[in-house]
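Working through the structure, step by step
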Amino acid sequence: MEKKINENIRNIAIIAHVDHGKTTLVDAMFKQSGVFREGQAVDERIMDTMDLEKERGITIAAKNCAIQWNEKKINIIDTPGHADFGGEVERAISMADGAILLVDASEGPLPQTRFVLKKALEAGLTLIVVVNKIDRPDARSMEVVDEIYDLLIDLDASDEQLDFPLLYAIGRDGIVRKTLEDKSSDLKILMNTIINEIPPPEADIDIPFQMLVSDLSYSDYLGRLAIGKIYSGLVKTNDNLICIKEDNVRVPLKISKIQVYHGLSVVDTSEAKAGDIIILAGIENVHIGDTICAKECPAALKRITVDEPTVSVKFVQNTAPFAGQEGKFVQSSKIYERLLKETLLNVSIRVKEPENNEGFIVEGRGEFQIVILIETMRREGFEFCVGRPEVIYHFKDGKKLEPIEHLFVDCEKSFMGIVTEKLSRRKGLMLNMVNHETGRIRMEFSVPSRALIGYRDEFLTDTKGTGILNSYLSGYEKYRGDFQERFTGSLVSDRQGTAVPYALFNLEPRGNLFIMPGDPVYEGMIVGEHNRENDLNVNPCKTKKLSNIRAAGKDDAVVLSPIIPLTLEKAVQFIRGNELMEVTPSSIRLRKAELSAQKRKTIDRGK
């Protein structure tokens, strides 16, 4: 039977590496398609709606929007460019029929481009390639096009996928051209290419309704919202449908409201047809990957599959002396409830309860994804402790396998020695090195995932902040052996009190401090990084002895070195296995898992 198509709709995902300009290009598409009236004040990167996205300049969650062009509706899905948010990419691709691959004209296709592109090719999406930022002084557009072809061939792209339309863009100015010599000054070429090259969704209106749930949202007025593409049929408000869950469990449900995307917002509609991306309200207990379909013909669509998590982190209730003073939600049950809610909205995160019932194990794609979850929770008023990220090992035929990353390093030639030495110490193997004779070199390494935990900050220090580090998961290999993860110990407070300038001044020669005068401290709290390998118990509350003897220089003012504030990334990467990070809405503190100095001494003696 011939499949019918919905000619009036195009569903596209925009995929790119972090900071290659896809959200800026979507801004220009909005402006030129008439979503905003003339003269309307519009923010930059309007698709980055989360506070964290605006602050960091990256896309974290996949988002939908729609524009009209030549009486055709284009549903656009803005996907994250970071491999840690791969679950978002897999969901977005399940709604799309084609993809715009955006590549920087200078940097070329980078590791995250490879990761997202691989998913798009596996899903059989039609590609449009756009080389962006052609106005950069260091642009090398033609070389980048060759690199894109090499990458597609490397990823086993089909002949049809290799025959892609190629466009050149200055996304910031809203310009897309067919050739580098072209003088176009708008996005008409891109819009027309989308309409002409991206296939309309294959969807038959005459057969019963079927929709795959690709995303979830929540409204205070409408409750749980299910978002997805209609694969067949049509749906009307108040229809009685069936939700097919995992293990073929069937739950009846009634639709209270249907919404479709219009620009950045959503509008109500009484019915929606096959091929469109819609939002259904009035649905409780639905999960990503479920199929919503007509009662008379219940058949499940293929569930969204995501890659296995590679990193696990332990979340525990805060037991420090200052617990409950700054956070709104401190109970273990509230933390667990919030983590479970995250698993409903994010397919790539899993939560487990450990056998000893101490806290909860959260599994994800990478430490950055976990850090974003921690930051989101603390902003919501949660207070908890987090352990060191650990990689998830696999066991096959009695052998221990570990996740291996394909690492790309871009740095100045003078830093090649220190980078190579540090990575080889962490069981990294160099695979390739390219010198473009520009003063910078590109190196590729195969390194264990655990080697990168805590290395990124060290790498930036080693390359004086000029190095670029990118990686993607290449697979699992036999365990490469142990290596020392941290060569420094911790400076640990031996009492509760308030940090004093005089004490901190005398501690500065011992290492780098994390606290400032006036900060509250407690026994077992880590106040700095020790210069040596061992931990050192110190007294940051020690005051100057007052005496009536006066001597030259005795009363000189104490001048402390500036303290670099602790960030979540730095803290997560710094802690060892026997240390925790205490997170509250207003503070980040480091502490020992066992606060008592005496008990720690006993444990060390036992070892």
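Refer to the structure above for everything that follows.
The structure reproduced in this document is the subject of the present report. Computed from a predicted model, the values in this text were never measured in an experiment.

On to the pattern of salt bridges. This structure, assessed with the given rule, holds 30 salt bridges. When the shortest N-O distance is used, the salt bridge between glutamate 458 and arginine 426 registers 3.1 Å. On the criterion of sequence distance, the pair formed by glutamate 458 in helix α12 (residues 455-462) and arginine 426 in the loop between α10 (416-425) and β25 (429-435) is long-range, its members being 32 residues apart. A relative accessible area of 5% means that arginine 426 is categorised as buried.

Bringing the side chain of serine 106 into the picture now. Take serine 106: it is sitting in the loop between β4 (98-104) and α4 (111-122). Owing to a relative accessible area of 11%, serine 106 belongs among the buried residues under this scheme. If sequence neighbours within four positions are ignored, serine 106 has contacts with Arg136, Asp138, Ala139, Arg140 and Val144.

This brings us to the packing of helix α8 (residues 332-345) against helix α9 (residues 367-379). The contact between α8 and α9 brings their axes to 12 Å, and the two run at 125 degrees. By the angle between their axes, α8 is oblique relative to α9. The interaxial crossing formed by α8 with α9 has right-handed handedness. Touching Ile335, Arg338, Leu339 and Glu342 of α8 are Leu373, Thr376 and Met377, all from α9.

What follows deals with the nonpolar core. Membership of the largest hydrophobic core comes to 41 residues, with the highest contact counts inside it found for Leu117, Val131, Ile148 and Leu152. If you look at the next biggest cluster of nonpolar residues, it comprises 30 residues, including Leu339, Leu373, Val386 and Leu590.

Time to look at the sheet that holds strand β16 (residues 277-281). Sheet architecture is open: eight strands sit in the order β12-β11-β17-β8-β9-β16-β13-β14, paired in antiparallel fashion. Here the strands that pair on one side only, and so sit at the sheet edges, are β12 (250-254) and β14 (265-269). The mean angle between the axes of side-by-side strands here comes to 40 degrees, regardless of whether they run parallel or antiparallel. For strand β11 (residues 240-244) and strand β17 (residues 291-294), the ladder comprises four bridges, and the chain directions are antiparallel. Of the residues in β17, the one forming a bridge with isoleucine 244 is threonine 291.

For the rest of this paragraph, the subject is the pairing of strand β32 (residues 525-530). Of all six residues in β32, five are buried, a share of seventy percent or more. Bridge analysis of strand β28 (residues 490-493) against β32 gives three bridges, and the strand direction is antiparallel. Across the sheet, serine 490 pairs through a bridge with glutamate 529, a residue of β32. Pairing between strand β30 (residues 511-513) and β32: three bridges, direction antiparallel. When the sheet's bridge partners are listed, leucine 513 is paired in β32 with glycine 528. In this sheet, strand β35 (residues 588-592) lies alongside β32 in antiparallel orientation, the contact comprising two bridges. Bridge pairing in β35 links methionine 525 to arginine 591.

Residue position: lysine 427 is located in the loop between α10 and β25. As a C-alpha pair, lysine 427 and alanine 451 span 24 residues in sequence and 7.6 Å in three-dimensional space. Each residue touching lysine 427, except ones within four places of it in the same chain, is listed here: Ser446, Pro448, Arg480, Gly481, Asp482 and Phe483.

This brings us to the packing of aromatic side chains. Taken as a whole and judged by the stated rule, the model has eight aromatic pairs. Look at phenylalanine 329 and phenylalanine 382: their rings are 4.9 Å apart centre to centre, the planes differ by 35 degrees, and that puts the pair in the tilted class. With phenylalanine 329 in the loop between β18 (311-316) and α8 and phenylalanine 382 in the loop between α9 and β21 (384-386), this pair connects stretches of sequence that are 53 residues apart. Take phenylalanine 329: its relative accessible area is 25%, and that puts it in the partly exposed class. Exposure remark for phenylalanine 382: the relative accessible area of 6% places this residue in the buried category. Consider the rings of tyrosine 455 and phenylalanine 459, whose centres lie 6.0 Å apart with planes at 50 degrees: the pair is tilted. Of this pair, tyrosine 455 and phenylalanine 459 both sit in helix α12, four residues apart, which is roughly one turn of the helix. The lysine or arginine in question, lysine 400, covers the ring of tyrosine 393, its NZ or CZ lying 4.3 Å from the ring centre. Stacked on the ring of tyrosine 479, the Lys or Arg lysine 400 has its end atom at 4.3 Å from the ring centre.

Basis of the calculations
Residues numbered from 1 in each chain as written. Predicted model: local features only at pLDDT ≥ 70, side-chain atom pairs only at ≥ 80, totals over all residues. Heavy atoms only, no water. Salt bridge = Lys/Arg side-chain N within 4 Å of Asp/Glu carboxyl O. Helix = DSSP H or I, 4+ residues; strand = E, 2+ residues; numbered from the N terminus. Buried < 20%, exposed > 50% of the residue type's maximum accessible area, 1.4 Å probe, protein only. Contact = heavy atoms within 4.5 Å. Axes fitted to C-alpha atoms, helices over the stretch in contact; angles between N-to-C directions. Parallel < 35°, antiparallel > 145°, perpendicular 65-115°, else oblique. Left-handed = near helix turned anticlockwise from the far one by under 90°. Core = buried A, V, L, I, M, F, W, Y, C linked by side-chain atoms within 4.5 Å. Pairing = 2+ DSSP bridges. Phe/Tyr/Trp six-rings, centres within 6.5 Å; stacked < 30°, edge-to-face > 60°. Lys NZ or Arg CZ within 6 Å of the ring centre and 35° of its normal.

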